[in-house]
Amino acid sequence: QSGGIAGAAATRLKLLGLSPWQIEEIRRGRVNADEFLLHNGRVWIYADVYEFEVAAVKIGQKAEISSPANSDHRFEGTITGINPVLDPATRTLKVRIEVQDPDGVLTPEAFVNVNIHVNLGESLAVQEDAIIHTGNSDLVFVVENGGRFVPREVALGIKARGYYQVKSGLAEGQQVVTAANFLIDS
């Protein structure tokens, strides 16, 4: 094929978000792929999202990007693509975030921190430290009348900012142990 782009390379360009027209332009040698990938101060950030978090990530969501190397700059971007292929080694999917960087602060292959904004609504949640993961189930210790601690199996949802969403097993207002629960479990 002309332009040196084999089928595998064309597939990779498609996964990177290029349109069939753009891939054909590269194949015919009319443009370099970099012209489509980095253009007019617009860059793409690729972030790994864990498999259990993928359901909460959608195209069009906003993300905040910061660089450990340059803490003075914060960028806002929009998710423009979600790779449908799971990496079996890391159990993650790549998401592509388009960011405006007119000053060229972000450099290729640099590490960045990405926070994807997800509206979870309101739901019952407990501190991460309250959960005991047994391998088969997740438990919390509920404080009952008389100061007794009773183990209670819970179904957990999404983890965010040090808290787990509780889908079932607890009711609002119940007190749970949030520290040293491993001692109670012993």
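Refer to the preceding data block for the structure.
Colleague: Sorry, what's going on with the environment of Asp129 here?
Modeller: Structurally, the position occupied by Asp129 is in the loop between strand S6 (125-127) and strand S7 (132-133). Sequence separation between Asp129 and Gly162 is 33 residues, and the spatial gap between their C-alpha atoms is 8.1 Å.

Colleague: In this structure, what is going on with unusual backbone geometry? I would like to understand it.
Modeller: The phi angle of most residues is negative, glycine excepted, and most peptide bonds adopt the trans form. The phi dihedral of Arg91 is positive, around 60 degrees, even though this residue is not glycine. Its place among the elements puts Arg91 in the loop between strand S3 (70-82) and strand S4 (92-100). Its relative accessible area of 39% is what places Arg91 among the partly exposed residues. Despite not being glycine, Arg161 has its phi angle at roughly 50 degrees, a positive value. A relative accessible area of 83% places Arg161 in the exposed class.

Colleague: Would you explain the sheet that holds strand S9 (residues 149-160) in this entry?
Modeller: Note: strands within a sheet are paired through backbone hydrogen bonds, in either parallel or antiparallel orientation. If you trace the five strands from one edge of the open sheet to the other, you get S6-S10-S9-S8-S7, paired in antiparallel fashion. Each end of this open sheet is capped by a strand with a single partner; those strands are S6 and S7. One ladder, built from two bridges, connects S7 with strand S8 (residues 138-143); its direction is antiparallel. Of the residues in S8, the one forming a bridge with Ile132 is Leu139.

Colleague: For this particular structure, what's the right way to read the nonpolar core?
Modeller: Considering soluble globular proteins, one finds that nonpolar side chains tend to be buried as a cluster. Membership of the largest hydrophobic core comes to 13 residues, with the highest contact counts inside it found for Ile45, Ile65, Val95, Ile97, Val99 and Leu106. Mapped by element, the contributors of at least two residues to this core are strand S1 (42-50), strand S2 (62-67), S3 and S4. For this core, the element with the highest residue contribution is S1, accounting for four residues. Not counting the four nearest positions on each side in its chain, Ile97 is found in contact with Val43, Trp44, Ile45, Ala47, Ala63, Ile65, Gly77, Thr78, Ile79 and Val114.

Colleague: Please explain the packing of helix H1 (residues 7-15) against helix H2 (residues 20-27) as it appears in this structure.
Modeller: For any two helices packed against each other, one specifies the crossing angle of their axes together with the interaxial distance. Running from N to C, H1 and H2 cross one another at 140 degrees; their axes reach a closest spacing of 10 Å. When the axes of H1 and H2 are compared, the pair comes out oblique. Considering the relative orientation of H1 and H2, their crossing is right-handed. Here H1 contributes Ala10, Leu13 and Lys14 to the contact with H2, which in turn contributes Ile23, Ile26 and Arg27. Partitioning the contact of H1 with H2 into residue classes produces four nonpolar, no polar and two charged.

Reading guide: rules and limits
- Residues numbered from 1 in each chain as written.
- Predicted model: local features only at pLDDT ≥ 70, side-chain atom pairs only at ≥ 80, totals over all residues.
- Heavy atoms only, no water.
- Helix = DSSP H or I, 4+ residues; strand = E, 2+ residues; numbered from the N terminus.
- Buried < 20%, exposed > 50% of the residue type's maximum accessible area, 1.4 Å probe, protein only.
- Pairing = 2+ DSSP bridges.
- Core = buried A, V, L, I, M, F, W, Y, C linked by side-chain atoms within 4.5 Å.
- Contact = heavy atoms within 4.5 Å.
- Axes fitted to C-alpha atoms, helices over the stretch in contact; angles between N-to-C directions.
- Parallel < 35°, antiparallel > 145°, perpendicular 65-115°, else oblique.
- Left-handed = near helix turned anticlockwise from the far one by under 90°.
- Nonpolar A, V, L, I, M, F, W, Y, C, P; charged D, E, K, R; others polar.

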